[in-house]
Amino acid sequence: MKTMIGIAAAFLLAAATPAVADCDDKPKAGVNWSECPKGHLILRGMNLAGAKLASADLSATDFMDADLSKADLTGATVARGRFRKAKLAGATLDKIYAYRTNFLSADLSGATLAKAELDRALMAESILTGADLTKASLARADLRGADMRDAKLVQAYLARTNFSGAAMAGADFTKAYFLLTRIEGTDLSAAVGLEQEQIEESCGNAETKLPSGLTAPASWPCAPLEEEAD
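Description of the structure in this document.

Conventions we followed
Residues numbered from 1 in each chain as written. Predicted model: local features only at pLDDT ≥ 70, side-chain atom pairs only at ≥ 80, totals over all residues. Heavy atoms only, no water. Core = buried A, V, L, I, M, F, W, Y, C linked by side-chain atoms within 4.5 Å. Buried < 20%, exposed > 50% of the residue type's maximum accessible area, 1.4 Å probe, protein only. Contact = heavy atoms within 4.5 Å. Helix = DSSP H or I, 4+ residues; strand = E, 2+ residues; numbered from the N terminus. Polar contact = N/O pair within 3.5 Å; in protein donor to acceptor, adjacent residues only side chain to side chain. Salt bridge = Lys/Arg side-chain N within 4 Å of Asp/Glu carboxyl O.

1. Details of the nonpolar core
(1) Moving on: One finds Leu73, Phe103, Leu118, Leu133, Met148 and Phe173 to be the most contacted residues of the largest nonpolar core, which totals 60 residues.
(2) Moving on: Once you skip the residues sitting within four places of it in the chain, leucine 118 turns out to touch Ile96, Ala98, Phe103, Leu113, Met123, Leu133, Ser137, Leu138 and Ala141.

2. Description of the side chain of threonine 101
(1) Moving on: Along the chain, the position of threonine 101 falls in the loop between helix 1 (2-16) and strand 1 (157-159).
(2) Moving on: Within the structure, the side chain of threonine 101 is placed 2.7 Å from the backbone oxygen of valine 78, a separation counted as a polar contact.
(3) Moving on: Once you skip the residues sitting within four places of it in the chain, threonine 101 turns out to touch Val78, Ala79, Arg80, Gly81, Phe83, Ala121 and Leu122.

3. With respect to the side chain of glutamine 198
(1) Moving on: Assignment of secondary structure puts glutamine 198 in helix 2 (residues 196-200).
(2) Moving on: Given a relative accessible area of 7%, glutamine 198 falls into the buried group.
(3) Moving on: There is a polar contact of 2.9 Å between the side chain of glutamine 198 and the backbone oxygen of alanine 176.
(4) Moving on: Setting aside chain neighbours within four positions, we find glutamine 198 in contact with Phe173, Lys175, Ala176, Phe178 and Gly193.

4. Things to note about the pattern of salt bridges
(1) Moving on: Scanning all chains against the criterion turns up 5 salt bridges.
(2) Moving on: A salt bridge links arginine 44 to aspartate 62, with the nearest nitrogen and oxygen atoms 2.5 Å apart. Highlighted residues: arginine 44 in the loop between helix 1 and strand 1 and aspartate 62 in the loop between helix 1 and strand 1, separated in sequence by 18 residues.
(3) Moving on: Here arginine 149 ties to aspartate 147 by a salt bridge, and the two come within 2.7 Å at their closest N and O atoms.
(4) Moving on: Under the relative-accessibility criterion, arginine 149 is labelled partly exposed at 42%.
(5) Moving on: Note on aspartate 147: relative accessible area 17%, which makes it buried.
(6) Moving on: Bridged by salt links that share partners, the residues Arg44, Asp62 and Arg82 form one connected network.

Dropping the structure here:
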């Protein structure tokens with residue numbers, strides 16, 4: 001009887017113990033590369049669904065067309081990485097550092113990017129339906145033509161972020177910080193949480209649609225913005 005109890009206890013302990021990362025493992029679904037140095041790799045088209053990549057250094061790694069659905073990239077560094085057309089649906093990208101990272105046409109539907117640093121990220125035509133970007137920094141990020149329906153942008157930093165032509169029905173901008181935010185040609189009529197002060201700090205045009213009760217400021221359209229050298 002004691003032997004059976006001991007076996008059961010050992011089994012429960014093993015089940016409760018988190019898997020140890022092995023940085024030498026080959027790329028595969030569910031791989032555990034947590035905290036591993038994996039920068040400058042070519043992982044195009046790889047199946048990394050459910051991968052554990054928390055706090056990993058993935059700087060400049062190429063994930064184009066890769067499947068990272070439901071992967072955990074919490075706190076990972078992906079600066080100047082390439083996720084073009086990657087599948088990141090349901091992935092966890094909270095607190096990632098993604099300066100100038102390429103997410104062009106990537107599927108980030110239902111992903112969480114709370115407090116993510118996405119300054120100057122290329123996210124044009126990406127799918128962010130239902131994504132959580134609470135307190136994310138998107139300064140100068142390019143989200144032209146992105147699908148952001150029902151996305152959560154509460155308290156997000158949106159200085160000079162470009163949302164031109166993005167789909168915004170149900171997007172929540174409660175207490176988001178606007179400064180020269182580009183909303184030319186954007187339909188915001190069904191967005192929520194917007195206030196007149198945010199609109200006053202944005203750049204729209206005659207094609208911009210605003211929620212009921214908000215009005216276009218006399219400062220529209222804005223003068224062309226000069227890009228800062230990097």
